[in-house]
Amino acid sequence: AQDADNVLVAEGLTKVFAGFAAVKDVNLAVRRGSIHALIGPNGAGKTTCFNLLTKTLAPTSGKIVFDGEDISSLRTSQVARRGLVRSFQISATFPNLTARENVRVALQSSYGTAYQFWRSLRAVAPLNSRADELLEQVGLANSRDTPAAELSYGKKRALEIATTLALEPRVMLLDEPTAGMGHEDIEPITDLIRRAAVGRTVLLVEHNLSVVSTLCDKITVLQHGQVLAEGNYAEVSNNPAVVTAYMGG
Ligand code: ADP
């Protein structure tokens, strides 16, 4: 029953860089339908964990199971096709293309041969209407025809989520979605993530603890590459080891 509840499970995940263990024997279970955060001080191993889970990095040892399937030996593109998708970075959007065109490019890459078929029928309308739906969902309906380069920082991050949603992720990994944002952008992006999480699972690395407390069902705290604590926000924030880690003690 536990395996069916958890969509993404890592067991004994370890990554050693030139003798230094950035991630050490990490066990992680991400519950289906949850919003789960990875937090921890700088250098704790959060990014390395993300890279291992999306197969951007090969683990030194350990196992990763996605939806009951051992994905340890699969490539990033293979896990993405199965629905485990990491958000695009701003640097992956095309600055001269409009918001809508950027989402269409992502839709085209995910539809693959089905898109080739549509194009052969000159039926571009379904792509545009799906792109518009996604733009609406992330609050960019009014910026549809704006080149990505001209969007505000907050809107660029929203576009990044729209292009990720175009790939129909079942588990979406977001790397610091509020990083570098001012107050005025944080609430809209938090709402957007909450809406995007309906019917799917979200795993995020996030530094802003107030975002974590309002958004996340479960939190895994990493320190020195290991799991220091796990639980809901009240549990981890009252954990003395976590308090000490965050005070730098
Ligand atoms: P976080 O995302 O929590 O800040 P990282 O996963 O980026 O932590 O890094 C964890 C540790 O691993 C850090 O000490 C970092 O210097 C080290 N590290 C990360 N990537 C590499 C690499 N490619 N080569 C060597 N050391 C690395």
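Within an unreviewed UniProt entry, the label attached to the protein reads Amino acid/amide ABC transporter ATP-binding protein 1, HAAT family, and the organism entered is Mesorhizobium australicum.

Enquirer: With reference to specific residues and values, describe the confidence of the model for the protein.
Expert: Looking at the protein, the pLDDT average stands at 90 and 91% of residues meet or exceed 70. Per-residue pLDDT, averaged within each element of the protein, yields its smallest value for helix α5 (residues 113-120) (54) and its largest for strand β2 (residues 20-31) (98). Predicted complex, confidence summary: ipTM 0.97, pTM 0.91.

Enquirer: Kindly report on the sheet that holds β2, identifying the contributing residues and their values.
Expert: Here 4 strands make up an open sheet; going across it, the order is β2-β1-β4-β5 and the pairing antiparallel. The strands lining the two open edges of the sheet, one partner per strand, are β2 and β5 (69-70).

Enquirer: Outline unusual backbone geometry, listing residues and values.
Expert: At D25, a residue that is not glycine, the phi angle is positive and equals roughly 55 degrees. For D25, the location among the structural elements is in strand β2. Under the C-beta neighbour-count criterion, D25 is labelled partly exposed, with 14 such atoms within 10 Å. Positioned with a positive phi, H224 is a non-glycine residue whose angle comes to about 50 degrees. Here H224 shows up in the loop between β9 (218-223) and β10 (226-231).

Enquirer: Report on the site of the ligand, specifying residues and quantitative values.
Expert: Inspection of the region around the ligand gives F17, F20, A22, G40, N42, G43, A44, G45, K46, T47 and T48 as its neighbouring residues. Taken together, the elements giving at least two residues each to the shell around the ligand come down to β2 and α2 (46-53). With 3 residues, α2 is the largest single contributor of residues to the shell around the ligand. When grouped by side-chain class, the residues that make up the shell around the ligand number 4 nonpolar, 6 polar and 1 charged.

Enquirer: Which residues make up the nonpolar core, and what values do they have?
Expert: Counting 66 residues, the largest nonpolar core has V103 and A162 as the members making the most contacts within it. Both domains that meet at this core, namely domain 1 (1-83 + 169-249) and domain 2 (92-166), each give it at least three residues. What V103 contacts, discounting residues up to four positions off in sequence, is A131, L134, L135, A162, T163 and A166.

Cut-offs used in this document
- Residues numbered from 1 in each chain as written.
- Predicted model: local features only at pLDDT ≥ 70, side-chain atom pairs only at ≥ 80, totals over all residues.
- pLDDT = per-residue confidence, 0-100.
- Helix = DSSP H or I, 4+ residues; strand = E, 2+ residues; numbered from the N terminus.
- Pairing = 2+ DSSP bridges.
- Buried ≥ 20, exposed ≤ 12 C-beta atoms within 10 Å, placed from the backbone.
- Near = placed C-beta within 6 Å.
- Nonpolar A, V, L, I, M, F, W, Y, C, P; charged D, E, K, R; others polar.
- Core = buried A, V, L, I, M, F, W, Y, C linked by C-beta atoms within 7 Å.
- Domains from an automatic or database assignment.
- Contact = placed C-beta atoms within 7 Å.

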